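Breakdown of the fold
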Amino acid sequence: NSTFYREKEFMLYKRTEEGADKVIIQGIIDLLIVEPDGATVVDFKTSSASDAYVSRRYARQLELYAEAVTLALKIPVKRKIIYSVFGRREITPG
């Protein structure tokens, strides 16, 4: 029993890395899949760069998406996926 959301907008109000100030982070999750046991966040990328580069480059972005989903929906994010459109494959962020 899954619900799929395409281009799900969000705003996240959080402290900066230094912890002194708060910032608003706004974004659009390409694909959000909500299931009874948690959510999956998918971000589509068209880069032809290496998987390792894409994984490192976008890991923080997916962490912020997952944080926004967890706070807004009160459910855990069980998977974060970068999908390479160019390579037609999943890349695990990290």
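Quick caveat, the model's predicted, so the values are computed rather than measured.

About the criteria used
Residues numbered from 1 in each chain as written. Predicted model: local features only at pLDDT ≥ 70, side-chain atom pairs only at ≥ 80, totals over all residues. Heavy atoms only, no water. Helix = DSSP H or I, 4+ residues; strand = E, 2+ residues; numbered from the N terminus. Buried < 20%, exposed > 50% of the residue type's maximum accessible area, 1.4 Å probe, protein only. Polar contact = N/O pair within 3.5 Å; in protein donor to acceptor, adjacent residues only side chain to side chain. Contact = heavy atoms within 4.5 Å. Salt bridge = Lys/Arg side-chain N within 4 Å of Asp/Glu carboxyl O. Core = buried A, V, L, I, M, F, W, Y, C linked by side-chain atoms within 4.5 Å. 1 Å grid on protein atoms, 1.4 Å probe; cavity = no way out; pocket = protein on both sides within 12 Å on 5 of 7 lines; lining within 4 Å. Points joined across faces, edges and corners; volume = space filled by probe spheres on them. Nonpolar A, V, L, I, M, F, W, Y, C, P; charged D, E, K, R; others polar. Phe/Tyr/Trp six-rings, centres within 6.5 Å; stacked < 30°, edge-to-face > 60°. Lys NZ or Arg CZ within 6 Å of the ring centre and 35° of its normal.

1. Some remarks on the side chain of Ser84
Position of Ser84 among the secondary structure elements: in strand 4 (residues 77-84). For Ser84, a relative accessible area of 5% puts it in the buried group. At a separation of 2.9 Å, a polar atom in the side chain of Ser84 contacts the main-chain amide nitrogen of Gly87. For Ser84, the residues in contact, after removing those within four places along its chain, are Lys45, Ser47, Arg89 and Ile91.

2. Details of the pattern of salt bridges
The full count for this structure, using the stated rule, is seven salt bridges. The partner of Asp51 in a salt bridge is Arg89, with the nearest N and O atoms 2.8 Å apart. Pair noted here: Asp51 is in helix 1 (residues 51-73) and Arg89 is in strand 5 (residues 89-91), with a separation of 38 residues, a long-range link. The structure contains a network of salt bridges with shared partners spanning Glu35, Asp37 and Lys78.

3. Re the environment of Tyr58
Relative to the helices and strands, Tyr58 resides in helix 1. For Tyr58 and Asp43, which are 15 residues apart along the polypeptide, the C-alpha to C-alpha distance reads 9.0 Å. Leaving out residues up to four positions away in the same chain, Tyr58 has contacts with Lys45 and Ile82.

4. Section: the nonpolar core
By size, the foremost hydrophobic cluster in this structure holds 14 residues, and its most contacted members are Phe10, Ile29, Leu32, Ala39, Val41, Val69 and Val77. Counting residues per element, this core draws most heavily on helix 1, which supplies five residues. Discounting chain neighbours no more than four positions away, the residues touching Ile29 are Arg6, Glu7, Lys8, Phe10, Val41, Val42, Tyr65 and Val69. If you look at the next biggest cluster of nonpolar residues, it comprises five residues, including Val54, Tyr58, Leu62 and Ile91.

5. Focus on empty space enclosed by the protein
Per the counting criterion, the structure on display carries one cavity of 30 Å³ or more. When its volume is computed, the largest cavity comes out at roughly 30 Å³. In this structure, the largest cavity is lined by Lys45, Ser47, Ala49, Asp51, Val54, Ser84, Arg89 and Ile91. Residue assignment for the lining of the largest cavity shows that the elements contributing at least two residues are helix 1 and strand 5. Residue composition of the lining of the largest cavity, by class: three nonpolar, two polar and three charged.

6. Considerations on the packing of aromatic side chains
Applying the stated criterion across every chain yields a total of two aromatic pairs. On the numbers, 5.3 Å between centres and 75 degrees between planes, the contact of Phe10 with Tyr65 is edge-to-face. Here Phe10 is found in strand 1 (residues 3-15), whereas its partner Tyr65 is found in helix 1, with 55 residues between them in sequence. Accessibility assignment for this pair places Phe10 and Tyr65 in one class, buried. Plain terms: the ring middles of Phe44 and Tyr83 are 6.0 Å apart, the flat faces sit at 75 degrees to each other, and that makes the pair edge-to-face. With Phe44 in strand 3 (residues 38-45) and Tyr83 in strand 4, this residue pair connects regions lying 39 residues apart in the sequence. The exposure class of Tyr83 is partly exposed, given its relative accessible area of 26%. Of note, Lys8 hangs over the ring of Tyr5, and the distance from its end group to the ring centre comes to 5.1 Å. Residue placement shows Lys45 over the ring face of Tyr58; its charged tip is 3.8 Å from the ring centre.

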